[in-house]
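Given next are the chains, with one letter for each unit.
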Amino acid sequence: MRSIDQLKSYACFKLSSSLYLFVYSLGLLIIGLWPFNVWQPNKVSHDSVNGLRLIPLIPKRFKPYKRAFLEMPSSLKEIWTNIGNILINLLGFVPLGFLLSMYLFQKGLSFRNSLLLSIGVGLCLSLIIELLQTFLPTRDSSMIDLIANTFGTAIGSFVYKMR
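Every chain is numbered on its own, with residues counted from 1 as its sequence reads. This being a predicted model, a pLDDT of at least 70 is required before a residue's local features are given, and a value of 80 or more before pairs of side-chain atoms are given or counted; all residues contribute to the totals for chains, interfaces and linings. Side-chain measures here rest on the full set of heavy atoms in the structure, leaving out hydrogens and waters.

A. Quick look at the environment of Ser18. Put simply, DSSP H or I for four residues or longer makes a helix, DSSP E for two residues or longer makes a strand, and each gets a number counted from the N terminus. Mapped onto the elements, Ser18 comes out in helix H1 (residues 4-33). Its relative accessible area of 26% is what places Ser18 among the partly exposed residues. The spacing of Ser18 and Tyr103 is 85 residues in sequence and 6.4 Å in space, taken between C-alpha atoms. Each residue gets one of three labels from its accessible area relative to the maximum for its type: buried under 20%, exposed over 50%, partly exposed in between, using a 1.4 Å probe on protein chains only.

What follows is the structure, encoded as structure tokens:
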């Protein structure tokens, strides 16, 4: 029989794991949709460049000529030039897989079911991010990002199992 203190600490642990999961997922969404221009410095992402105000210069309606959804790389060389971006995407979703597996395992799911559900949630979250990036002028939707994010979630789930 568990003491009251053990039950209280277990309840705090369950609350903290779900809170960490929520905060981290929200952080991934914010980072995934932030209008960075680090990778594409020729795209406008801020309201001024060198002191020049750009807001009056940007039309109220902006429609890109053609936006690609889940664009595939055109060559193997393109994949190797973006290896840093791939690693960032991979490592960014490892904690999500870890936290999801921890949360689902606490809910009583088996390792197999928590692994599959974690990977599914990671895939869906990544797909949502990539879909929304299609509509952002400073971001690009990429199939490589989707694959790397999904693998990162799977790695995180396996890391939780091995703890």
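Next comes the rest of the account.
B. Structural context of the environment of Phe69. Relative to the elements of secondary structure, Phe69 occurs in the loop between strand E2 (52-53) and helix H2 (76-81). Phe69 sits in the partly exposed class, given a relative accessible area of 41%. Between the C-alpha atoms of Phe69 and Glu130, which are 61 residues apart in sequence, the distance is 7.6 Å.

C. Up close: a nonpolar patch on the surface. A cluster of nonpolar side chains, contributed by Leu19, Phe22, Val23, Leu26, Ile30 and Trp34, occupies part of the molecular surface with about 620 Å² of accessible area. On the accessibility criterion, Phe22 (54% relative accessible area) is exposed. Grouping into patches uses exposed residues only, defined as over 30% relative accessible area, and leaves out salt-bridged ones; the cut-off is 9 Å for like charges and 5 Å for nonpolar side chains (Val, Leu, Ile, Met, Phe, Trp, Tyr). Calculation of accessible area relied on Shrake-Rupley with a 1.4 Å probe; when residues are assessed, cover is drawn exclusively from the protein chains displayed. Here, a salt bridge means any Lys or Arg side-chain nitrogen found within 4 Å of an Asp or Glu carboxyl oxygen.

D. Spotlight on the confidence of the model for the protein chain. Averaged over every residue, the pLDDT of the protein chain is 79; the share at 70 or more is 72%. Each residue carries a pLDDT score, the predictor's own confidence in it, on a scale running from 0 to 100. Across the protein chain, the secondary-structure element scoring lowest on mean pLDDT is strand E1 (residues 48-49), at 48, and the one scoring highest is helix H5 (residues 143-162), at 95.

E. How the structure looks around H5. Over its 20 residues, H5 extends 29 Å from the first C-alpha to the last, a length consistent with the 28 Å expected when each residue adds 1.5 Å. In what follows, residue pairs with any heavy atoms lying within 4.5 Å of each other are defined as contacts. Elements that come into contact with the buried residues of H5 comprise H2, helix H3 (83-106) and helix H4 (111-133). N-cap assignment for H5: the residue whose side-chain oxygen lies 3.2 Å from the backbone N of Ile144 is Ser142. Between the first and last residue of a helix there are one fewer steps than residues, each counted as 1.5 Å, and that sum is the expected span. Side-chain atoms alone can form a polar contact between residues adjacent in sequence; in general such a contact is a pair of N or O atoms within 3.5 Å, and within protein one must be able to donate a hydrogen while the other accepts it.

F. Main features of unusual backbone geometry. Positive phi outside glycine occurs at Leu70, with the angle close to 50°. Within the fold, Leu70 resides in the loop between E2 and H2. A relative accessible area of 15% means that Leu70 is categorised as buried.

G. Seen up close, the packing of aromatic side chains. Between 30 and 60 degrees the pair is tilted, below 30 it is stacked and above 60 it is edge-to-face, where a pair is any two Phe, Tyr or Trp rings, Trp via its six-membered ring, whose centres lie within 6.5 Å. In total, this model carries three aromatic pairs according to the counting rule given. Between Phe98 and Tyr160, the ring centres sit 5.3 Å apart and the planes meet at 80°, which makes this aromatic pair edge-to-face. With Phe98 in helix H3 and Tyr160 in helix H5, this residue pair connects regions lying 62 residues apart in the sequence. With 6.2 Å between their ring centres and 65° between their planes, Phe105 and Tyr160 make a pair best called edge-to-face. Pair noted here: Phe105 is in helix H3 and Tyr160 is in helix H5, with a separation of 55 residues, a long-range link. Here the aromatic cluster, defined as three or more aromatic residues joined through ring pairs, consists of Phe98, Phe105 and Tyr160. By definition, being over a ring means that NZ of Lys or CZ of Arg is both within 6 Å of the ring centre and within 35 degrees of the ring normal. Positioned over the ring face of Phe111 is Lys161, at 5.0 Å from the centre of the ring.

H. Fine view of the side chain of Glu130. Inspection of the secondary structure puts Glu130 in helix H4. Salt bridges are absent for the buried Glu130, whose nearest opposite-charge side chain, Arg139, sits at 6.7 Å. Neither His nor the chain termini are counted; the positive set is Lys and Arg, and the negative set is Asp and Glu.

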